[in-house]
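# Topology and contacts: notes
Below are the chains, spelled out letter by letter.
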Amino acid sequence: MTHVPVTYKGGIYRHDEIIDLIEDLGGYIIQKHVIAQEIVLQALVPREDIELIRRIGKPLTGDITPSPLVGTEIAVVSPSLEIHHLPHASCDVAEYIRRFGAKTNMVGLARGFGKRIAQLNDEERDVINEHDLAVYLLGDFEACIERKFPVLRRGIDVPIVLCGGPPTEALREIIDPPVDGYVGGIGRFMHRTKESEEIEKLEEVVREITRVMDRHREELARDPLSISPARLMDIIAENVEEIHDVLSPTPITVQMRGLRVKLPYDTFAPVIRKTAVDEGVTIGDLAAVSPSRMRDYILVRIKPFSETNLVL
Amino acid sequence: MEPVEYFEVECPEPVGREYYRKIADVVLLDHNLLRVIHKLHIFIDPNVPIFVATGVTKKLPGVVRVRDFADVSEREGRVTISIGDEAYLSFLLRILWDRFGKERVNQPDRFTVVLAPGEGEEVDIADLPVFDPSESIFKDLIYALQVIQPEGFKVRRQFYGKNRFYLVASEDTLPENIEDLVRQKFSLMGVEA
């Protein structure tokens, strides 16, 4: 059964029926937003059942659309969180990616600005590496990007999509070794993106991220994970009561290779490790449970089949 | 509103130049500064790296005195100031407190200030200078130019006077002959530094 990332939007009336339906079909609800009278569900559902959900949702004014980035956590890296990059450029991109289902975190570097003086510290490096992908939003000058990008990418082992002011071809030429994706023509700007060509640029960023993610998924499929992250999320939600007291919008954030659980590490890591997945198999057997560099959270990295010889 | 007479961005990278032209335009518009700028020339060389902004301001309104925004009347040794435009009130109060002390400056309501000057003390409140717009415009201009400049250029030199202003910024130590460069950029606008 292959799961497809989708977004369901519909009225709040009888929406629990849709949630039950998705769960009964073997799908997973990743995130649920209630916005006034509307509900937005980000879910992974079996490919063959999309039509069924659409048919049942129709009388409830529901619509289901593919959202290629549901179940991914993306870092949007900006040289700083100063007015030079915020709110436009960084926020506009982060917000637009979110519409396609991704969970985005903005990473503002402490000393990422400038050309010669740009730096990336170990905490920033580790935080970026905890994501599925990093989108770097750099400035408008080729000379600067060429000089500072090698410093900003040092130690980053997740796929990178580089955005900058110069045209895509120019970016491709100056970056060595190459990164996974490039989007030119979106560098530093100080106004809100609302013209159609600016929106088209944001679409291009999403297309590039989706392309990189799809390739990454294919690579993952060669040595599949021992358990799907969405299923692991359900198991933790069922067995660890305290997760329901967490006020964060996503108490458990689903990533492509694991989860971020927003509970204190020292207290809950042993509990999560010992949680049973199946008879005789615990989460500790299938995944590495480690402290996250983000606050006091727990990072769960699922091991591949080649390491555990198990697929559940 | 008179348009800006001269507005150029000079940069060895043509793509970057276009972006920075747009950035400068948006920032100055947002900060409501296009009305005070007469000419502006921005030079950016990311290879050095250096940022030079030189410009000429329009004629600015003069110093604001008490009589420009308030009525002053004197009766039985007490001076009553009726405030017309509250925008300058805080500046005025600060000056009055410093000169007379808080105990002799009374404010029975929001728009009235009553002074009780001492015996024989000369009080010429109506002509008292309260606010100099050129000071705040200088601060606003320099702030806007810092927003326009590429981020991370922490070494700066700035100047404002005789309707001219400039801001030079870099992340490295500024070269010694920076004044020559500034003069050269002023001459491009047909203005003497």
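Residues numbered from 1 in each chain as written. Chains lettered and ligands numbered in written order. Predicted model: local features only at pLDDT ≥ 70, side-chain atom pairs only at ≥ 80, totals over all residues.

As a further point, take the overall build of chain B. Helices and strands together make up the secondary structure of chain B, namely five helices and eleven strands. Principal axes of the C-alpha set define a box for chain B whose edges measure 70 × 35 × 30 Å. Here the contacts in chain B between residues at least 6 apart in sequence split such that 57% fall between residues at least 24 apart. (Helix = DSSP H or I, 4+ residues; strand = E, 2+ residues; numbered from the N terminus. Contact = placed C-beta atoms within 7 Å.)

Moving on, we get to the domain arrangement of chain B. Looking at the assigned domains, one finds that chain B contains domain 1 (6-61 + 133-188) and domain 2 (64-131). Here the C-alpha centre of domain 2 of chain B lies 39 Å away from the C-alpha centre of domain 1 of chain B. (Domains from an automatic or database assignment.)

It is worth spelling out the packing of helix α1 (residues 14-30) of chain B against helix α4 (residues 133-148) of chain B at this point. Residues and elements named next belong to chain B. Look at α1 against α4: their axes get within 9 Å of each other, and the N-to-C directions meet at 145 degrees. Where α1 crosses over α4, the handedness of that crossing is right-handed. Between α1 and α4, the contacting residues are Ile23, Ala24, Val27 and Leu28 on the first element and Ala144, Val147 and Ile148 on the second. When the residues that make up the contact of α1 with α4 are grouped by side-chain class, the tally is seven nonpolar, no polar and no charged. (Axes fitted to C-alpha atoms, helices over the stretch in contact; angles between N-to-C directions. Left-handed = near helix turned anticlockwise from the far one by under 90°. Nonpolar A, V, L, I, M, F, W, Y, C, P; charged D, E, K, R; others polar.)

Let us now look at the sheet that holds strand β2 (residues 37-45) of chain B. Residue and element names in this part refer to chain B. Taken in spatial order, the five strands make up an open sheet running β1-β2-β3-β11-β10, and their pairing is mixed. Since the sheet does not close on itself, it has two edges, and those belong to β1 (6-10) and β10 (155-161), each with one partner. Strand-to-strand twist in this sheet, taken as the mean axis angle between neighbours without regard to direction, amounts to 5 degrees. As paired strands, strand β3 (residues 50-57) and strand β11 (residues 164-170) are joined by six bridges and run antiparallel to one another. Bridging from a neighbouring strand, Ala53 pairs with Leu167 of β11. (Pairing = 2+ DSSP bridges.)

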